[in-house]
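# Residue-level structural notes
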Amino acid sequence: MPRITHSRLSRPPLPELVRITELAGDLAGQFELVPLLERVLGHAVALLGCESGSISIVHEAEGYYRKEVDQGVGCHQGQTFSLTEGLTGQIVTTRGTVILDCYASVSAGHIAPDDPRWRSAVIGVPIAWDGAIIGTFAIFSNGPGRVFTAEEASLVELFADHAAIAIMNSRLHQAAAAKEREAAVAGERERAVQEVHETIGRSLGSLLLHLDRADKATPGGSPSIAHIDSARVLAHEALFEARRTVLGLAPSSLAGTTIEEAVRQEIDSVSAGHPIAITFLVTGEQHDLAPVVAHQLFMVIKEAVANVVAHSRATTCRIGIFYEQAGLTIVVEDNGCGFRPPNPATGLGSTQGSQLGLHGIAARAHYLRGELQVDSTPGWGTGIRVQVPYSSNGDASRERWKVLVACTQPLIRAGLVRLLETSEPSVQVLGELSTLEDLTESVSLLQPDLVVLDDLLLRQYAQVRSTGGETVERPVVVVIDSPTDEQLALSASSGVRGFITLSSTPAEVARVVVAAARGDALLNGTIFSRLAEGRDAAEPGMNIPRLTAREQQVLNLLAEGLADKQIATRLGISVKTVQKHVGAMLRKTGARNRTMLVTGAAGPASEGGRAR
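Here's what I pulled together on the structure shown here. (Residues numbered from 1 in each chain as written. Predicted model: local features only at pLDDT ≥ 70, side-chain atom pairs only at ≥ 80, totals over all residues. Heavy atoms only, no water.)

### Let's talk about empty space enclosed by the protein
Rules: The way it works is a 1 Å grid over only the protein atoms, where trapped points that fit a 1.4 Å probe form a cavity and open points with protein on both sides within 12 Å along at least five of seven lines form a pocket, and then any residue with an atom within 4 Å of a point lines it. Grid points are joined across faces, edges and corners, and a volume is the space filled by probe spheres set on the points. Secondary structure elements are taken from DSSP: a helix is a run of H or I of four residues or more, a strand is a run of E of two residues or more, and numbering for both begins at the N terminus.
Scanning all chains against the criterion turns up four cavities of 30 Å³ or more. When its volume is computed, the largest cavity comes out at roughly 150 Å³. In this structure, the largest cavity is lined by 17 residues; those nearest its centre are S54, K67, L87, Y103 and F140. Of all the elements in the fold, those that place two or more residues in the lining of the largest cavity are β2 (52-59), β3 (64-71), α3 (86-94) and β7 (132-140).

This is the structure in structure tokens:
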């Protein structure tokens, strides 16, 4: 008569676990399912002194099972059967261990009567995981006459546990591999689309430039003008459609993962190399973030943590992502040495190298139409808070800083274009140019947010400005490896808001370009000191007029790198009033832009006396 038990039996004595311990080591690091199950089955059969057995994978919801591994039992490996058949069907029905003195008692079995195992005893054990049966384990005696004991059944149950782990590990590995393949395909597709888009975009920009020149060179009344106008309209439409093609593509730094997962990976990386305790908290109902938003927020956290590690001498750091009703808040706090807020009276003092990271964070917050708050006290640590409205998931998140790269040397020009395209998804290179004439016309046609120049074109650009010729009124980043005092003075008079050297890293280049497009001026300590010393030489005829107390306040906040909206909030006035004061100061000082105003008018006298 068959004997059936519905619960796990007592565990075997310690000596009999030696082979099971060996099995655990044998399985370590293995993920191919069939070899894993073959090892498990082989150890189990050998331990019980038998020769035959099988392991099946159960798909209970679909109503079938598959004979995954079959050792000397009918050679059914790889075949599928209904859950109403065979020993596996009986195990799933009883949902427990089955001990049979003779396999012939199995209803709808798959062993023929002339097979020696037809009259053999058998142990059948469910392979379970998280309350569900995912497989079955069967061991056959070598012939009639043997009766399996409860202790032997408990051994098979242990092997069934190993089989369950092997099955789930294999499934997890397969899922991870599939996810990795999907991420790789998505990343390659994104890279290809971005690359095609950038190439087409620059080509269309050059086409528009040549069409504009053809239009100017064509005599009035010529029938060619209508064709040129039609070609210009089509080129503009093609450029617009090319830009729309890549909207919403995920930045490669977060491909295939969420911002929370990326932050945890960053924490693991930082903790492995630095003696700092980092905690991470996520609260609120999580929202689906647009890929560009998630990338920029992740970069905010990454730059903030990098600042903590590099400058704060902190022992603890706390990172928080708070999903609130109106928006998302990022918080990074440390218990480090802190720092003093920059002195507005020093003009560009807020832009020295030690605070480049903060300017990068400010630029990213501005890009997402968010707000940045920095609280720091010497000896008491620093807290950074960035608040971003959920509306930035829409149009705001799809804006990109548009940049023109103008360098006389093709190698440097191509390198900058490639570097910007791959290191910063919020930057879009509209074109590559080699002459000042091309640059002036391209700015008029393409309306970039920023221009990157090399030293030679900067000199030409400054000369045109000094003679009152047609110039480009855009923020400028200049490529100068070892700037001279003359070059720095020239830069101060030309609206330069950042410097790139040949030794700049991709992260530094991206940070300088993004911050300059936003309106900040980023200078390292050496360049800052030399520029500050030579600012009087840059504009020798510049007036140092008396400013009103309110104008001086606005000037000081401009020197801190604050935007008009932030200045208005700080002073309790409207944005239009801030702009009015800036315009008045530009007229009084003769400065052509805000950078010249900050660098050349630092320390003017107010109505109540000279500023400190």
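Next comes the rest of the description.
### A closer look at the sheet that holds strand β17 (residues 496-500)
Condition: Here, a strand pair is defined by DSSP locating no fewer than two bridges between the strands. Orientation is described by lines fitted to C-alpha atoms, with helices fitted over the stretch in contact, and by angles between N-to-C directions that extend from 0 to 180 degrees.
Spatial strand order, β14-β13-β15-β16-β17: five strands in an open sheet with parallel pairing. Each edge of the sheet is formed by a strand with only one pairing partner; in this case those strands are β14 (427-433) and β17. The average angle at which neighbouring strand axes cross in this sheet is 25°, direction not considered. Sheet topology note: the strand β13 (residues 401-406)/β14 ladder contains six bridges and is parallel. Bridge pairing links K402 to Q428 in β14.

### Description of the sheet that holds strand β12 (residues 381-389)
Quick reminder of the rule: Two residues qualify as a contact provided that any one of their heavy atoms is within 4.5 Å of a heavy atom in the partner residue.
Reading across the sheet, the five strands line up as β8-β9-β10-β12-β11 and stay open at both edges, with mixed pairing between neighbours. Both edges of this open sheet fall to β8 (277-283) and β11 (371-377), since each of them pairs with a single strand only. In this sheet, adjacent strand axes meet at a mean angle of 10° when their direction is disregarded. Pairing geometry for β11 and β12, over seven bridges, is antiparallel. Each residue of the ladder has a partner; that of T377, found in β12, is G381. Contacting β8 and β9 (316-323), helix α6 (residues 259-273) runs over the sheet at an angle of about 170° to β8.

### Description of the packing of aromatic side chains
What counts is decided by this rule: Aromatic rings from Phe, Tyr and Trp, with only the six-membered ring used for Trp, were paired whenever their centres fell within 6.5 Å, and each pair was classed as stacked if the ring planes differed by under 30 degrees, edge-to-face if by over 60, and tilted otherwise. A 1.4 Å probe rolled over the protein chains alone gives each residue an accessible area, and that area as a share of the maximum for its type sets the label: buried under 20%, exposed over 50%, partly exposed in between.
Overall, the coordinates contain two aromatic pairs when judged by the stated rule. Consider the rings of Y65 and F81, whose centres lie 5.6 Å apart with planes at 35°: the pair is tilted. One end of the pair, Y65, is in strand β3; the other, F81, is in strand β4 (residues 80-82), with 16 residues separating them in the sequence. The exposure class of Y65 is buried, given its relative accessible area of 1%. Ring geometry for Y103 and F140: centres 5.6 Å apart, planes at 55°, overall tilted. Taken together, the residues span a long stretch of sequence, with Y103 in the loop between β5 (98-100) and β6 (122-129) and F140 in strand β7 at a distance of 37 residues. Judged by relative accessible area, which is 4%, Y103 ranks as buried.

### So, helix α13 (residues 506-518)
Definition in use: Multiplying 1.5 Å by the helix residue count minus one yields the expected span of that helix.
Between the first and last C-alpha of α13 there are 18 Å, a value that for 13 residues agrees with the 18 Å anticipated at 1.5 Å per step. Buried residues dominate α13, accounting for ten of its 13 residues.

### Section: the side chain of T382
Rules: Residues adjacent in sequence count toward polar contacts only when both atoms are side-chain atoms; beyond that, a polar contact is any pair of N or O atoms within 3.5 Å, and within protein one must be able to donate a hydrogen and the other to accept it.
Relative to the helices and strands, T382 is located in strand β12. Here T382 falls in the buried class, since its relative accessible area comes to 12%. In terms of polar contacts, T382 uses its side chain to reach the side chain of S376, at 2.8 Å. When near neighbours in sequence (up to four residues on either side) are disregarded, T382 contacts V332, E333, D334, G338, F339, V374, D375 and S376.

### Here we look at the pairing of β3
Note: β2 against β3, seven bridges, orientation antiparallel. The residue of β3 that forms the bridge with S56 is K67. Hairpin connection from β2 to β3: four residues lie between these consecutive antiparallel strands, with G63 at a positive phi of about 80°. Bridge analysis of β3 against β4 gives three bridges, and the strand direction is antiparallel. Bridging across to β4, R66 finds its partner in T80.

Purely spatial values, then, with no claim about function.
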